[in-house]
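Listed below, chain by chain, are the residues.
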Amino acid sequence: MASILTSAEQVCFISAQPMPNYIGAVKAARIRKAHFVVTSAMKEKAKQLECIFKKHGIAVEMHDLADTTPRHIFDLLEGIQFQSNPDVNVTGGNKIMSLTATEWANMNEYLPFYVDTEKSRLLIIRNQFETIPLSSIKIPVRELIEVHGYYFAKTDAPQSASIPKREILMELTEYAVGHPDQLKEVNRDISEAARINSLSCEISNPSEADLFSIFKKAGKADMTSSGRVIFSDDLSREWCRGKWLEDYVHAVLYKMQMDNKIDDWSKSFSIYSSKEDASKASQPYYKMEGFNNEFDAAFTRAGQLAVIECKTISIPKFGKVSKDAENKVSDIAYKLDSLTKKAGGTFAKGVLVSVNDVPQQDQKRLKDAGHRLITGRKILNLSDELTGLFQ
């Protein structure tokens, strides 16, 4: 790829989707200067992308496109002063802009190309198309999110669960998906303890003892001879109520990266619309100016982002009113659909990992929005399910 995109300069048509220009200039080439062709509607996007390019040592020159007719596009391109023959990324803009830029590039014997982010390939547009796979391109989760104009909160580097913990997580997951009714009873009892801010709860059904014994093995709880469960602390209580599934997902993602099935992953992080919010979010009493949203996990593969939400609680039928946002699949679907596209662009994917079944109407909603639902015993093969997400 680098032997084809060898120019030190590149023309970029700015659009709402920054990834094609980012991949073309930063990952598929090593240019020194980019010429942004910008309509009035895309000026803010151009400024955001300029900041990213400058981080990579790429100078940016803005060229305002006031009229998108072929004649005006051609005249603007002709008026740019290049220091060397540029490559021309025709991915951005509308069809007229792309066709005009392609014709202009071929007329001047420059190299026009198109970045197909959905299929992870680059198309060289000459007399005959030449296709180059982008499978070797690796983009960290943080970097991909920042390319889309959002800020990633500081987090610790992902760490693998120790071997004993991974084994416990697998045992716990296998038991939970095989005994969903017991899991619901356990979650109900723990939720009641959380409601009254207690670090203990009664086992309401003897069948719950098996699940609590796994929590004990994990070092999160203990059981008295009278059948009462004592949690180590607040965090341990929340882990037993469902955070364990996030740890299981994190352990799977860690192994997937070690096996080169994914490029990068992050856990339990937040994205912010303001750089200041991202840097000061952990400070007490800090009032945020923009929005922030937390993700259970995310990973990248071949320049694409997948966002994962984990749920162990029972999800009610669609439309049921509940004060607990975690109990509303409509909220989950909205979060996946809205935030996934914001953080990762048009072709980003959302994944809901749920131990319990999801009502049919809600499954359809998630499917129609292009998200993946992984429930029940499919969770035990999570690596295979996630590997096939972008195929």
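In short, a report on the structure.

Rules and cut-offs
Residues numbered from 1 in each chain as written. Predicted model: local features only at pLDDT ≥ 70, side-chain atom pairs only at ≥ 80, totals over all residues. Heavy atoms only, no water. Helix = DSSP H or I, 4+ residues; strand = E, 2+ residues; numbered from the N terminus. Buried < 20%, exposed > 50% of the residue type's maximum accessible area, 1.4 Å probe, protein only. Axes fitted to C-alpha atoms, helices over the stretch in contact; angles between N-to-C directions. Parallel < 35°, antiparallel > 145°, perpendicular 65-115°, else oblique. Left-handed = near helix turned anticlockwise from the far one by under 90°. Contact = heavy atoms within 4.5 Å. Nonpolar A, V, L, I, M, F, W, Y, C, P; charged D, E, K, R; others polar. Core = buried A, V, L, I, M, F, W, Y, C linked by side-chain atoms within 4.5 Å. Pairing = 2+ DSSP bridges. Right-handed = clockwise from strand over helix to strand, strands pointing away. Phe/Tyr/Trp six-rings, centres within 6.5 Å; stacked < 30°, edge-to-face > 60°. Lys NZ or Arg CZ within 6 Å of the ring centre and 35° of its normal.

1. So, unusual backbone geometry
Alright, step 1. Residue glutamate 109 is not a glycine yet carries a positive backbone phi of 60 degrees.
Alright, step 2. Within the fold, glutamate 109 resides in the loop between α4 (95-107) and β5 (111-116).
Alright, step 3. Take glutamate 109: its relative accessible area is 73%, and that puts it in the exposed class.
Alright, step 4. The backbone of serine 268 sits at a positive phi, close to 40 degrees, despite the residue not being glycine.
Alright, step 5. Here serine 268 falls in the partly exposed class, since its relative accessible area comes to 33%.

2. Topic: the packing of helix α3 (residues 70-79) against α4
Packed helices, taken two at a time, are described by their axes: the angle between them and the distance between them.
Alright, step 1. Viewed as axis vectors pointing N to C, α3 and α4 meet at an angle of 45 degrees, and their least axial separation amounts to 9 Å. One element, α3, and the other, α4, form an angle in the oblique class. Relative to α4, α3 is oriented so that their crossing is right-handed. Taken together, the residues of α4 that come into contact with α3 (itself represented by Pro70, Ile73, Phe74, Leu77 and Glu78) are Ile96, Met97, Thr100, Ala101, Trp104 and Met107.

3. Side note on the packing of helix α7 (residues 180-195) against helix α9 (residues 234-258)
Alright, step 1. Their axes nearest at 9 Å, the elements α7 and α9 cross at an angle of 140 degrees. Compared by their axis directions, α7 and α9 come out oblique. Crossing angle aside, the handedness with which α7 passes α9 is left-handed. Note on element contacts: α9 touches α7 through Arg237, Glu238, Cys240, Arg241 and Trp244, opposite Leu183, Asn187, Ile190, Ser191, Ala193 and Ala194.
Alright, step 2. Looking at the contact of α7 with α9 residue by residue, the classes come out as six nonpolar, two polar and three charged.

4. Some details on the nonpolar core
Alright, step 1. Within the largest apolar cluster, 52 residues are counted, with the highest numbers of intra-cluster contacts made by Phe36, Phe53, Leu122, Ile145 and Leu305.
Alright, step 2. Setting aside residues no more than four positions away along its own chain, phenylalanine 36 makes contact with Cys12, Ile14, Ala46, Leu49, Glu50, Phe53, Val60, Glu61, Met62 and His63.
Alright, step 3. Within the second largest apolar cluster, 45 residues are counted, among which are Ile214, Val249, Val252 and Val355.

5. Comments concerning helix α1 (residues 19-27)
Alright, step 1. Burial analysis of α1 places eight of its nine residues in the buried class, the great majority of the element.
Alright, step 2. For α1, the set of buried residues is Met19, Pro20, Asn21, Tyr22, Ile23, Gly24, Ala25 and Val26.
Alright, step 3. Buried residues in α1 make contact with β1 (9-13), α2 (43-55), β4 (87-89), β5 and α5 (141-147).

6. Let's talk about the sheet that holds strand β9 (residues 200-202)
Alright, step 1. If you walk across this open sheet you meet the three strands as β9-β11-β10, and the pairing is antiparallel. Both edges of this open sheet fall to β9 and β10 (221-223), since each of them pairs with a single strand only. Pairwise comparison of adjacent strand axes, ignoring direction, gives a mean angle of 20 degrees for this sheet.

7. Here's the deal with the pairing of strand β3 (residues 59-64)
Side-chain positions along a regular strand alternate between the two faces of the sheet.
Alright, step 1. Judged from the six bridges that link them, strand β2 (residues 33-38) and β3 form a sheet pairing that is parallel. Counted as the bridge partner of alanine 34 is valine 60 from β3.
Alright, step 2. Taking the sense of rotation as the criterion, the β-α-β connection linking β2, α2 and β3 turns out right-handed.

8. Let's talk about the packing of aromatic side chains
One pair of aromatic rings is described through two measures. These are the centre distance and the angle between the planes.
Alright, step 1. Evaluation of the coordinates by the stated rule reveals nine aromatic pairs.
Alright, step 2. Taken together, a centroid distance of 6.1 Å and an interplanar angle of 75 degrees make the contact between phenylalanine 215 and tryptophan 239 edge-to-face. Taken together, the residues phenylalanine 215 in helix α8 (residues 209-217) and tryptophan 239 in helix α9 connect sequence positions 24 residues apart.
Alright, step 3. For phenylalanine 215, a relative accessible area of 0% corresponds to the buried category.
Alright, step 4. According to the relative accessible area criterion, tryptophan 239 is buried, its value standing at 6%.
Alright, step 5. Centre to centre, the rings of phenylalanine 299 and phenylalanine 390 are 6.3 Å apart; their planes meet at 75 degrees, and the pair counts as edge-to-face. Of this pair, phenylalanine 299 sits in strand β13 (residues 292-301) while phenylalanine 390 sits in the segment after α13 (382-387), and the two are 91 residues apart along the sequence. For the pair phenylalanine 299 and phenylalanine 390, one class covers both residues: buried.
Alright, step 6. Aromatic ring contacts, followed pair by pair, group Phe82, Trp104 and Tyr110 into a single cluster.
Alright, step 7. The ring of tryptophan 239 carries lysine 220 above its face, with NZ or CZ at 5.2 Å from the centroid.

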